[in-house]
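# Coordinate analysis (summary)
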Amino acid sequence: MRISLNWVLEVAGLDPDTDPAEVGRRLTAAGLEVESAEQVGHDIEGVVVAEVTAIEELTGFKKPVRYCQVSTGTGEPRGVICGAVNFSAGDRVPLAQPGARLPGGFEIGARKTYGHLSEGMICSAAELGLGDDHSGILVLPPDAPLGADFVQYAGLADHVLDIAVTPDRGYALSVRGVSRELATSYGVRFTDPAYADLPADVAAVSDQVHPASIGDPTACDRFVLREVHGFNPAAPTPLPMRVRLARSGMRNVSLAVDITNYLMLELGQPLHAFDGDRLSGPIVVRRAQPGEKLEALDHVVRELDPDDVVIADSSGAISMAGTMGGLSTEISDTSTDLVIEAAHFDSRAIARESRRHRLFSEASYRFERGVDRELPLPVTAKAVALLAELGGGTAVPGCTHAQVDVPQVTITMAVDYPDKVAGTVYGRDAVLRRLHDVGCEVSEASRPQEPEAASGTPPGRVVTGTGANRYQRPDHGKHDRSKQMLAVMPPSWRSDLRYPWDLAEEVIRLEGYENVPVRTPRAAAGRGLTERQRLRRTTGRSLAWSGYVEVLSMPFSSPAEFDRLLLPEDDPRRLAPVIANPLNDDEPLMRTMVLPGLLRVLLRNIGRGFTDVGLFETGRVFLQHRNGPRAAPILRTDRGPTVHEVATLEAALPEQPLHIAAVVTGERELDGWWGQGRPAGWQDAVEAARQVLRDNRVPFHIRAEQTPPWHPGRCAALFVQAEEGQEWLAGYAGELHPRVITAFGLPPRTSAMELDLSVIETAAAALGPVEAPAISPYPVATQDVALLVPESVPAAEVEDALVEGVEHSEYRGLLEGVRLFDVYTGEQAGPGRKSLAYTLRFRAPDRTLTAEEITAARDAAVEEAARRLGAALRGAS
Amino acid sequence: MSAPNKQYDPVEVASLSPGEITRMRDEALAAVAAAGTLDELKAARLAHAGDRSPLRLANAEIGALPPGARAEAGKRIGTTMRAVSQALAARQQVLEEERDQRVLIEEAVDVTLPWDHRPPGARHPVTTVGERLADVFVSMGYEIAEGPEIEAEWYNFDALNIPPDHPAREMQDTLFVAGPDGGRSGMVLRTHTSPVQIRAMLTRPLPLYVVSPGRCYRNEAQDATHSPVFHQIECLAVDEGLTMADLRGAVQAFVDAMFGEGLRTRLRPDYFPFTEPSADVSMECHVCRGASTRPGGPACRVCRSQGWIELAGCGMVNPRVLIACGIDPDRYSGFAFGLGIERALMVRHGVTDIRDTLEGDVRFSRAFGVEA
């Protein structure tokens with residue numbers, strides 16, 4: 001909110017020369033963050049009040065041009081060229097004399113133009129930094145003193161405070177609210193401007209005023225109308241009012257509108273002016289009827305929702321309550337009978353209405369955040385008084401006042417509750433003083449109140465909360481002053497104050513956060529990182545040490561991307577949660593795989609000249625329920641949810657497993673002075689996957705598999721071993737499908753893996769600590785065997801057979817390790833066959849193995865491979 | 001080779017004369033000294049200390065001396081053989097050292113040659129800084145709690161005292177998950193990590209000290225300081241008797257650990273629906289330590305010469321939140337404080353454009369290495 005510092009200081013009763021920086025500091029410390037205090041008007045020099053004494057219309061130009069004689073009261077009149085025509089001889093105007101300086105450092109000189117010497121410039125409001133009105137020059141009232149410095153005369157030298165008001169503090173969206181905080185901070189007595197200069201009969205009702213009623217008490221609990229007759233629609237807005245409106249960024253519209261805006265800025269109460277001649281029949285505040293339409297001041301015809309609050313007359317809706325007035329009853333430049341409305345609408349109803357129609361106004365902004373319910377009577381009284389005074393009309397005595405009874409909120413709070421929250425001792429006097437500063441009425445509670453449910457209580461009931469019984473000591477209450485209970489009635493402008501902790505915050509805030517002590521933390525009894533959390537860090541480090549760079553990608557996707565990944569129509573990875581309002585319409589889905597985002601990042605890096613790259617990313621993916629999305633209920637908040645309620649919430653959420661994906665392309669090992677490098681390939685992707693599984697210490701198997709987006713002949717599925725005999729799919733690795741590579745525009749042979757870390761971590765968590773091996777001191781015996789197998793037999797199966805051949809024989813436990821050291825296909829292997837050469841390492845825990853034992857153990861291994869896979873020892877006939 | 005001669009023969013024992021032995025010794029020592037290589041020394045050893053060397057042959061003839069002369073001759077020849085053997089050993093050592101020196105020099109390489117077969121890997125600083133931030137809390141006894149990114153609105157808003165139609169919901173532009181038949185789902189992409197607070201309070205025993213890092217989403221345009229996808233970390237403590245003084249202590253301990261000791265922290269009133277009182281946290285600029293705010297002081301890029309850096313939001317847990325989680329607010333109180341991990345990156349590491357964290361440029365991650 002932008003607001004004039006001069007105005008704030010005046011209402012706060014502070015010296016107009018108060019240091020703006022200090023004002024900013026104090027308001028910020030009170031919770032009204034001053035984001036900037038911009039100096040305005042100080043850069044204007046040499047502009048004076050002058051009178052136009054003669055006008056010569058110049059002809060022969062494309063636009064009207066006037067050569068005016070202007071006088072500042074002393075010396076000869078000067079000649080000035082002017083393009084505006086909204087003034088007459090005898091009018092007083094602001095004149096920028098030669099040598100003058102206008103906002104932005106714009107200097108005015110005497111110059112020859114349109115055949116005359118123009119000695120200065122007659123200024124428009126915009127040229128003086130007062131809004132954006134360039135349409136004509138600013139005509140001053142006839143009593144403006146000739147020759148006076150215009151900056152001083154109009155009070156232009158000011159600061160504009162830009163205050164970030166948080167949504168809980170609607171009262172601060174006004175000079176009244178800001179000034180109150182400032183007065184409190186400076187410790188000066190504050191006079192509420194809402195009640196200053198009011199007639200005694202402000203509440204008097206009259207049947208002379210347009211009738212109105214409240215049709216829906218949940219929408220509105222106060223509605224006030226007053227009338228002015230004989231108003232002069234052409235009456236100008238006084239300059240000081242214009243200046244203040246301009247400082248808040250408001251346009252000068254007309255006197256009537258300017259007055260309503262001015263009072264809203266000053267006091268926080270939105271007002272609306274109807275043209276009395278255009279109203280038909282009594283006014284009622286009600287919800288919109290189905291199908292009802294309204295054309296608002298922005299010339300947009302809206303179909304109203306039955307939840308919308310409207311102001312209606314016998315013609316139907318004439319205003320969207322608290323949001324925007326209707327066009328049909330708008331005041332115009334011929335309106336002479338005005339009906340001024342001020343009301344107190346339900347903040348949530350207005351919030352919904354304004355959001356539903358994407359219609360945000362100064363009024364809706366304030367109503368959403370809470371407007372003082374007591375303002376409509378005094379503010380309308382001020383409005384009609386100003387309209388009558390400045391617009392020459394007559395205020396109709398009395399008002400129409402419809403209202404619904406709303407009980408006063410009373411909060412019971414232990415006097416030392418703020419102490420308990422802050423961890424310090426303020427004492428009873430300070431607490432009472434601060435509550436008074438806020439505007440509360442405080443009395444001793446007659447007796448400690450029985451606590452009620454602290455929430456779910458509508459505003460307006462007597463609320464007692466934590467503070468009431470937390471420190472309640474019935475035995476001591478009468479003797480110990482610190483345990484006394486206070487009955488606190490918050491002021492009408494603080495609808496945000498409902499609970500003892502709201503009051504505690506006020507006390508602590510006004511006493512200063514800097515005065516809250518600092519207590520050294522006590523160590524909590526935490527158990528450190530969980531196994532999963534440790535392993536996740538290890539996994540990341542491990543891939544980084546292996547040359548993969550961790551990146552983050554945008555976790556959104558699209559059906560088109562699923563097509564590029566060759567996912568079949570029924571692939572579960574197409575079951576992506578849909579975002580109702582996506583950031584980008586081309587990516588309306590949450591990702592179901594990390595890989596595609598990683599591919600996009602890879603392309604970006606290649607485009608930037610990094611062609612030999614391995615990348616990885618860890619993150620959640622999102623999988624919708626198979627039978628479609630579900631809806632999560634909104635639970636109540638006045639008690640903890642039941643187990644069943646929590647389960648309902650959880651059941652609605654999509655699966656969100658944590659995945660890790662890696663992609664590798666270009667040279668995995670670079671050419672160098674050592675010789676040739678090696679291109680990245682499927683092996684690297686599979687090894688990255690193996691590495692993740694090894695780092696998580698889970699036993700796993702690899703099998704060939706065909707699944708998009710991988711190359712059908714170069715795709716490995718990785719399974720972790722869970723409990724006895726159970727295998728869980730952890731993910732896939734290999735070279736990407738050539739069509740995927742083409743669709744994404746990737747380099748050929750780009751390879752990738754993606755694993756479900758949630759599955760791996762679950763398997764790992766079940767493992768328990770590593771069991772230490774028994775280290776045998778006896779010598780190792782190695783045996784090399786070359787096995788001929790059909791080319792289609794996977795090496796992993798041969799290795800399994802070798803291991804299990806020994807394990808299932810009498811030599812169980814002797815095979816220390818198996819390593820494939822050569823793969824040969826060619827003439828000597830025979831057509832359709834390959835030779836796999838393994839080194840078997842044997843060692844016994846308790847003796848040196850004999851040559852016979854070693855041979856027999858080797859034979860057991862080979863026989864199993866022969867039995868299972870038809871393997872034949874190479875060289876053996 | 002002949003067997004030991006036990007028969008006295010003056011001719012055959014001539015080689016045992018003192019003069020002859022001295023001559024043999026001198027010849028042997030000269031040959032050892034003259035050996036310039038290990039091979040030459042090997043030849044000299046064979047010639048002068050081998051089985052067929054004159055000394056050995058002479059030694060074999062001792063039996064041929066008269067019994068009275070044998071002891072003296074034996075002693076003489078033994079001394080000589082030892083001297084030759086010592087000379088050989090000494091020479092051997094010298095020559096070996098010479099050879100080693102030569103070989104080591106010949107084998108010297110350019111140790112500055114690169115061996116970068118593989119381009120370097122790295123972790124992302126959001127990960128590593130996130131871990132570091134979490135570890136500060138873990139070291140204070142907090143445990144890391146996690147939660148889903150697609151979250152029920154009740155967790156993300158209602159339970160945190162952000163009711164429907166309240167302007168506080170509009171403070172966080174929300175990405176909504178579509179529900180059945182395109183309707184409302186009651187689920188959102190979480191706008192902050194605070195729903196993890198609710199989850200922790202519903203599932204963990206009290207007292208409760210948790211820290212929750214994670215990814216969050218907002219429906220807002222990307223620019224240098226805003227990203228629709230970002231990361232937060234926040235701590236939550238719920239215990240008996242916790243006060244704002246404890247909150248200030250935790251904030252100070254955090255800043256001490258993350259940015260170094262001796263920086264002041266400052267709380268100013270702010271508004272978060274789930275805390276009351278609420279505050280924003282600033283710390284003294286760790287770069288200029290306020291010097292930039294003094295007249296004539298050098299400008300500071302990090303704090304924009306403000307002297308203070310806004311770091312985090314915090315507050316005492318609103319008792320309404322405790323109630324929504326079934327916790328008795330008469331017995332327990334709590335505090336929470338949280339910050340953006342990207343914000344910490346900007347402050348601690350001088351990242352100037354938040355978009356760098358999401359673009360995935362390898363140069364960005366690589367600059368941070370494996371531990372930021």
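All values derive from a computational prediction rather than experimental measurement. (Residues numbered from 1 in each chain as written. Chains lettered and ligands numbered in written order. Predicted model: local features only at pLDDT ≥ 70, side-chain atom pairs only at ≥ 80, totals over all residues.)

### Here we look at the overall build of chain B
Along its length, chain B carries 13 helices and 10 strands. For chain B, whose C-alpha radius of gyration is 44 Å, the value lies well above the compact-globule estimate of 21 Å for 372 residues. Counting only C-alpha atoms, chain B reaches 130 × 50 × 50 Å along its principal axes. Expressed as a percentage of the 372 residues in chain B, the buried residues total 50%. For chain B, contacts bridging at least 24 residues in sequence account for 69% of all contacts bridging at least 6. (Helix = DSSP H or I, 4+ residues; strand = E, 2+ residues; numbered from the N terminus. Rg over C-alpha atoms; globule rule 2.2 N^0.38 Å. Buried ≥ 20, exposed ≤ 12 C-beta atoms within 10 Å, placed from the backbone. Contact = placed C-beta atoms within 7 Å.)

### So, helix α8 (residues 362-369) of chain A
With 7 of 8 residues buried, α8 of chain A is to be regarded as a mostly interior element. Of the residues making up α8 of chain A, those classed as buried are A363, S364, Y365, R366, F367, E368 and R369 of chain A.

### Details of the sheet that holds strand β2 (residues 33-40) of chain A
Residues and elements named next belong to chain A. Across the sheet, which stays open at both edges, the 3 strands sit in the order β1-β11-β2 with antiparallel pairing between neighbours. Taken across any chain shown, the strands that pair with only one partner, and hence form the sheet edges, are β1 (2-4) and β2. Taking the axes of each pair of neighbouring strands and ignoring which way they run, one obtains an average angle of 25° across the sheet. For β2 and strand β11 (residues 158-164), the ladder comprises 7 bridges, and the chain directions are antiparallel. By the bridge assignment, E33 is partnered in β11 with A164. Of the strands in this sheet, β2 and β11 touch helix α2 (residues 20-29), which is tilted by about 160° from β2. (Pairing = 2+ DSSP bridges. Axes fitted to C-alpha atoms, helices over the stretch in contact; angles between N-to-C directions.)

### Quick word on the domain arrangement of chain A
Partitioning chain A into structural domains gives domain 1 (2-41 + 160-191), domain 2 (45-156), domain 3 (212-403), domain 4 (411-513), domain 5 (532-621 + 656-765) and domain 6 (781-873). Using C-alpha coordinates to define each centre, domain 5 of chain A is positioned 33 Å away from domain 6 of chain A. (Domains from an automatic or database assignment.)

### A word on the sheet that holds strand β15 (residues 283-287) of chain A
Residues and elements named next belong to chain A. The strand order across the open sheet built from 5 strands is β12-β15-β18-β19-β20, with neighbouring strands paired in mixed fashion. Strand pairing shows two members of the sheet lacking a second neighbour, β12 (212-214) and β20 (324-325), which therefore form its edges. Pairing geometry for strand β19 (residues 316-320) and β20, over 2 bridges, is antiparallel. Looking across to β20, one finds that M320 is bridged to M324.

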